[in-house]
Amino acid sequence: MNLIEEALTGHWGPKCSEYEEGCIVCDAWREYENLATYGETLKKSFTDVPKDTQFVAPISLTKVQKPTLSEWMAWLKQGEK
Ligand SMILES: [Zn+2]
């Protein structure tokens, strides 16, 4: 369990076994999972690049600054191609 998961568990409680509409615990965990997925994509934007003489991000890093949830969901889908 990482630090965020520990904090989530401490504050909201352990993740429910099944997602339930309107459950605040489920929503908190879902948000975290969205962010974790986003983090993976973000990590790849640094690692999935050829090590040439110049660093070129495959996805514009300016998008990383403050995307809205829907913006980065769309962005994640792009990255899945
Ligand atoms: Zn729940």
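Residues numbered from 1 in each chain as written. Predicted model: local features only at pLDDT ≥ 70, side-chain atom pairs only at ≥ 80, totals over all residues.

(A) Up close: the overall build of the protein chain. Scanning the protein chain from N- to C-terminus turns up three helices and zero strands. Its helices and strands taken in sequence order, the protein chain reads α-α-α from the N to the C terminus. Buried positions account for 2% of the 81 residues belonging to the protein chain. For the protein chain, contacts bridging at least 24 residues in sequence account for 22% of all contacts bridging at least 6. (Helix = DSSP H or I, 4+ residues; strand = E, 2+ residues; numbered from the N terminus. Buried ≥ 20, exposed ≤ 12 C-beta atoms within 10 Å, placed from the backbone. Contact = placed C-beta atoms within 7 Å.)

(B) Geometry of the confidence of the model for the protein chain. In this model, the protein chain carries an average pLDDT of 82, and 80% of its residues clear a pLDDT of 70 or more. At the level of individual helices and strands, the protein chain shows its lowest average pLDDT in helix α3 (residues 69-80), which scores 70, and its highest in helix α1 (residues 3-12), which scores 94. (pLDDT = per-residue confidence, 0-100.)

(C) The arrangement of the packing of α1 against helix α2 (residues 24-47) in detail. One way to put it is that α1 packs onto α2 with a least axis distance of 11 Å and a crossing angle of 170°. Between α1 and α2, the angle falls in the class roughly antiparallel. The interaxial crossing formed by α1 with α2 has right-handed handedness. Of the residues in α2, those in contact with Ile4, Leu8 and Trp12 of α1 are Val25, Ala28, Trp29 and Tyr32. Here the residues of the contact of α1 with α2 sort into seven nonpolar, no polar and no charged. (Axes fitted to C-alpha atoms, helices over the stretch in contact; angles between N-to-C directions. Parallel < 35°, antiparallel > 145°, perpendicular 65-115°, else oblique. Left-handed = near helix turned anticlockwise from the far one by under 90°. Nonpolar A, V, L, I, M, F, W, Y, C, P; charged D, E, K, R; others polar.)

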